Amino acid sequence: MDRIQKIAEEIVEKFKKSGYEINRKDVYKRLKLLIEEFKVPESEAIRTVENYLIKELDISRDKLVSDSPLVKVEDIKTPGQWVSLKAKVVQLWDSSSPNVSQVGLIGDETGIIKFVIWAKANKPEVEEGKSYLFANVVTDSFGGRMQVNVNRNSRIEEIDEDIQLPPREVEAVGALVAIQQNSGLIRRCKKCNRVLTKGICPVHGKTEAYDDLRVKGVIDDGESYYEVILNQDNIKYLTGIGLEEAIEMAKKHYDREVVLSELKNRLLGRYFRFTGRKGERYFIVNEIDFLRYDGKEKAEELLSKLSG
Ligand SMILES: [Zn+2]
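Residues numbered from 1 in each chain as written. Predicted model: local features only at pLDDT ≥ 70, side-chain atom pairs only at ≥ 80, totals over all residues. Heavy atoms only, no water.

## Looking at the packing of aromatic side chains
Then comes step 1: By the definition in use, this model includes six aromatic pairs.
Then comes step 2: These aromatic residues form a ring-pair network of at least three members: Phe-115, Tyr-132 and Phe-134.
Then comes step 3: The residue whose ring lies beneath Arg-30 is Tyr-52, and the NZ or CZ to ring-centre distance is 3.6 Å.
Then comes step 4: Positioned over the ring face of Tyr-225 is Arg-145, at 4.2 Å from the centre of the ring. (Phe/Tyr/Trp six-rings, centres within 6.5 Å; stacked < 30°, edge-to-face > 60°. Lys NZ or Arg CZ within 6 Å of the ring centre and 35° of its normal.)

Spelled out as structure tokens, the structure:
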């Protein structure tokens, strides 16, 4: 079945659900003309054909079984609901499962949520940074987190609207669930400040470099994921390990990686309260501190000072 046949099929199904038998060939012919001859975008062509049928059958649009209700990301709280949402693709993840066509994060102004497009859904691929209507997707909960699943009955339409993501200034509380490999004691290019990989700047090649300390990680507040960057000051404040201490550690162990392991030991899985500013992709952390429920943190700090 080609793409247009599939769309025709979906339109026929939609009217059938509402109790109207329509001529598939007629729908196909009209769609083909609009999409192939006149280069009308798919979503526009679908609307045009549907409007034609509605007029032809002399019914009102409300009579048609319509899409699941349009919701915002923050409204998604229970699994097993059919919903539609307009959202922007924030990030695509690598999928390790052959059952999954695409997986990643989508968002609107109220939040960010994980999405999964099943391979069986047979949908065209979405692109990072573009906005779509995700119609008739099913909410699900995985590992205590909400997500939306795109299946065969869902529809993905690119839309012209530029969907806004949550406000750039954030204050959140959550667990640091991941620290990326290019964290810890890193080297930056003296000319452009880019992080070197194996001593090489992506722009300047082999170049003069300087040491820096940073953590690139993911904080999960139970509703959203924040990709955060902690700078030297943040790290020193949280762990007592500043740039000098990090360089010292690396020298002592003849291994720069030891800094990253130590930071992982001290920070991963811990809860933080932080404020930050959203850049293109990362939250540049302004202030960050351990979340203190009781006096436990202080006791730990004391102990580590005593034993140190
Ligand atoms: Zn450079």
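## Let's talk about the domain arrangement of the protein chain
Then comes step 1: Domain parsing of the protein chain yields domain 1 (3-63), domain 2 (73-158) and domain 3 (169-307).
Then comes step 2: Taken over C-alpha atoms, the centre of domain 1 sits 54 Å from the centre of domain 3. (Domains from an automatic or database assignment.)

## Points about the coordination of the zinc ion
Metal coordination angles in their ideal form are 109.5 degrees for the four-donor tetrahedron and 90 or 180 degrees for the six-donor octahedron.
Then comes step 1: Around the zinc ion, the protein supplies Cys-189 (SG), Cys-192 (SG), Cys-201 (SG) and His-204 (ND1) as donor atoms, at distances of 2.1 to 2.3 Å.
Then comes step 2: Because the angles between the four donor atoms bound to the zinc ion fall within 101 to 118°, the donor set is best described as tetrahedral.
Then comes step 3: Going along the chain, you hit the donors of the zinc ion in the pattern C-x2-C-x8-C-x2-H.
Then comes step 4: Judged by its relative accessible area of 31%, His-204 falls in the partly exposed class. (Donors = N, O, S within 2.8 Å, 3.2 Å for Na, K, Ca; no water. Tetrahedral: all angles 85-135°; square planar, octahedral: opposite > 155°, others 65-115°. Buried < 20%, exposed > 50% of the residue type's maximum accessible area, 1.4 Å probe, protein only.)

## Some points on the pairing of strand S7 (residues 169-179)
Then comes step 1: Judged from the seven bridges that link them, S7 and strand S13 (residues 271-278) form a sheet pairing that is antiparallel. Pairing of Glu-171 across the sheet is with Thr-275, part of S13.
Then comes step 2: As paired strands, S7 and strand S11 (residues 209-220) are joined by four bridges and run antiparallel to one another. Bridge pairing in S11 links Ala-178 to Val-218. (Pairing = 2+ DSSP bridges. Helix = DSSP H or I, 4+ residues; strand = E, 2+ residues; numbered from the N terminus.)

## Here's the deal with the nonpolar core
Then comes step 1: Grouped together as the largest cluster of nonpolar side chains are 28 residues, with contacts concentrated most on Val-228, Leu-267 and Phe-274.
Then comes step 2: Looking at this core, the elements with two or more residues in it are S7, S11, strand S12 (225-230), helix H4 (232-239), helix H5 (243-253), helix H6 (257-267), S13 and strand S14 (283-290).
Then comes step 3: Ranked by the residues each element gives to this core, the list is headed by H6, at five residues.
Then comes step 4: Filtering out sequence-adjacent residues up to four positions away, Val-228 remains in contact with Leu-176, Val-215, Lys-216, Gly-217, Ile-219, Phe-274, Tyr-282, Phe-283 and Val-285. (Core = buried A, V, L, I, M, F, W, Y, C linked by side-chain atoms within 4.5 Å. Contact = heavy atoms within 4.5 Å.)

## Some words on the side chain of Glu-227
Then comes step 1: Mapped onto the elements of the fold, Glu-227 is located in strand S12.
Then comes step 2: Here Glu-227 falls in the buried class, since its relative accessible area comes to 10%.
Then comes step 3: Excluding residues that lie within four positions of it along the chain, Glu-227 makes contacts with Gln-91, Gln-180, Gly-217, Val-218, Arg-281, Tyr-282 and Phe-283.

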